[in-house]
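# Structure at a glance
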Amino acid sequence: CTVNDRAMLKEACRYAKKHNLKIIEISNYAINSLSPWHEVKCNVGIEEWLGYIKYSSVFCTNSFHGLCFAIIFKKSLFLFQRDRNDYRMPNLINKFGMNSCFIEVEDRKIPETNQAVNFDEVYKRLSVYRNKSIDFIKKILLTFKKKKTDNIVTNWHQLVRIDVPNNSFITH
């Protein structure tokens, strides 16, 4: 959990018990353990965090980055919206046709029937967005090359120096 979402946690425990699954919660809230089949992991490194996602049977999250890695690893998941101001996760699942895994902030209940995410379709849609992004970057780089702009890469996160007031930089 990126936020100590007790409603999500209780619903995950209910689902785990019903399906005879163990919960491994990755969070900073060691006090959360609600049952014998619920283990809380604190201070987990990135490799371990990714491993828990990759090798999970079902992944339950309220994290944008958790969602992204669930897509990469093609994991069955339940995505809990944190609040109504959270637009990134609903936007991403709408673009990829993953609405069946989304649990809105008012609902907080995992559905009794879980429709599996069609990751072949998700990856088709992802490929379209990836190609658009690559084309955009190529177009921008060609524009700068044609203008003979001074292209300087000073750090891995600084892409291109452009002529704007105060010598500003475009960064990632």
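For the structure, check the block above.
So, here is what we can say about the structure in this document. (Residues numbered from 1 in each chain as written. Predicted model: local features only at pLDDT ≥ 70, side-chain atom pairs only at ≥ 80, totals over all residues. Heavy atoms only, no water.)

For the pair helix H2 (residues 46-54) and helix H3 (residues 64-72), interaxial distance at closest approach is 10 Å and the crossing angle is 60°. When the axis of H2 is compared with that of H3, the two are oblique. The handedness of the crossing between H2 and H3 is right-handed. Along its contact with H2, which presents Trp 49, Leu 50 and Ile 53, the element H3 presents His 65, Gly 66, Phe 69 and Ala 70. When grouped by side-chain class, the residues that make up the contact of H2 with H3 number five nonpolar, two polar and no charged. (Axes fitted to C-alpha atoms, helices over the stretch in contact; angles between N-to-C directions. Helix = DSSP H or I, 4+ residues; strand = E, 2+ residues; numbered from the N terminus. Parallel < 35°, antiparallel > 145°, perpendicular 65-115°, else oblique. Left-handed = near helix turned anticlockwise from the far one by under 90°. Contact = heavy atoms within 4.5 Å. Nonpolar A, V, L, I, M, F, W, Y, C, P; charged D, E, K, R; others polar.)

Moving on: the side chain of Gln 81. Here Gln 81 shows up in the loop between strand S4 (77-80) and helix H4 (88-96). Here Gln 81 falls in the buried class, since its relative accessible area comes to 2%. Within polar-contact distance, the side chain of Gln 81 engages the backbone oxygen of Asp 83 at 3.3 Å. (Buried < 20%, exposed > 50% of the residue type's maximum accessible area, 1.4 Å probe, protein only. Polar contact = N/O pair within 3.5 Å; in protein donor to acceptor, adjacent residues only side chain to side chain.)

This next bit is on the pattern of salt bridges. With the rule as written, the count across this model stands at six salt bridges. Here Lys 22 and Glu 39 are joined by a salt bridge, their closest N and O atoms 2.8 Å apart. One end of the pair, Lys 22, is in the loop between helix H1 (6-18) and strand S1 (23-26); the other, Glu 39, is in strand S2 (residues 38-41), with 17 residues separating them in the sequence. In this structure, the salt-bridge partner of Glu 104 is Arg 84, at a minimum N-O distance of 2.6 Å. Within this pair, whereas Glu 104 is found in the loop between strand S5 (102-103) and helix H5 (119-146), its partner Arg 84 is found in the loop between S4 and H4, the two being separated by 20 residues in sequence. (Salt bridge = Lys/Arg side-chain N within 4 Å of Asp/Glu carboxyl O.)

Once that is clear, we can look at the packing of aromatic side chains. Taken as a whole, this structure holds four aromatic pairs when the rule is applied. With a centroid separation of 5.0 Å and an interplanar angle of 70°, the aromatic rings of Tyr 15 and Phe 78 are classed as edge-to-face. Here Tyr 15, found in helix H1, pairs with Phe 78, found in strand S4; they are 63 residues apart in sequence, far enough to count as distant. In textbook terms, an aromatic cluster arises when at least three aromatic residues are bridged by ring pairs, as seen for Trp 49, Phe 69 and Phe 73. In this arrangement the basic side chain of Lys 74 is found over the ring face of Tyr 123, its NZ or CZ atom lying 4.6 Å from the centre. Positioned above the aromatic ring of Phe 64, the side-chain terminus of Arg 88 is 4.2 Å from the ring centre. (Phe/Tyr/Trp six-rings, centres within 6.5 Å; stacked < 30°, edge-to-face > 60°. Lys NZ or Arg CZ within 6 Å of the ring centre and 35° of its normal.)

What follows concerns H1. End to end, H1 covers 18 Å across 13 residues, agreeing with the expected 18 Å (1.5 Å per residue, within 8%). Of all the residues in H1, the buried ones are Met 8, Leu 9, Glu 11, Ala 12, Cys 13, Tyr 15 and Ala 16. Close packing links the buried residues of H1 with S1, S2, strand S3 (59-61) and S4. Two residues or fewer past H1, Asn 20 is found with a positive phi of approximately 55°. (Expected span 1.5 Å × (residues − 1).)

On to the nonpolar core, then. In a soluble, globular protein the nonpolar side chains are often hidden away together inside. Ranked by internal contacts, the top residues of the largest apolar core, which has 20 residues, are Leu 67, Ile 71, Leu 77, Leu 79, Phe 96, Met 98 and Val 122. At the level of elements, H2, H3, S4, H4 and H5 are the ones that each hand at least two residues to this core. Here Ile 71 is in contact with Leu 92, Phe 96, Met 98, Phe 119, Val 122 and Tyr 123, once residues within four sequence places are set aside. Listed in part, the six residues of the second largest apolar core include Tyr 15, Phe 78, Ile 103 and Ile 110. (Core = buried A, V, L, I, M, F, W, Y, C linked by side-chain atoms within 4.5 Å.)

Fair warning: the whole summary comes from geometry, so function is off the table for now.
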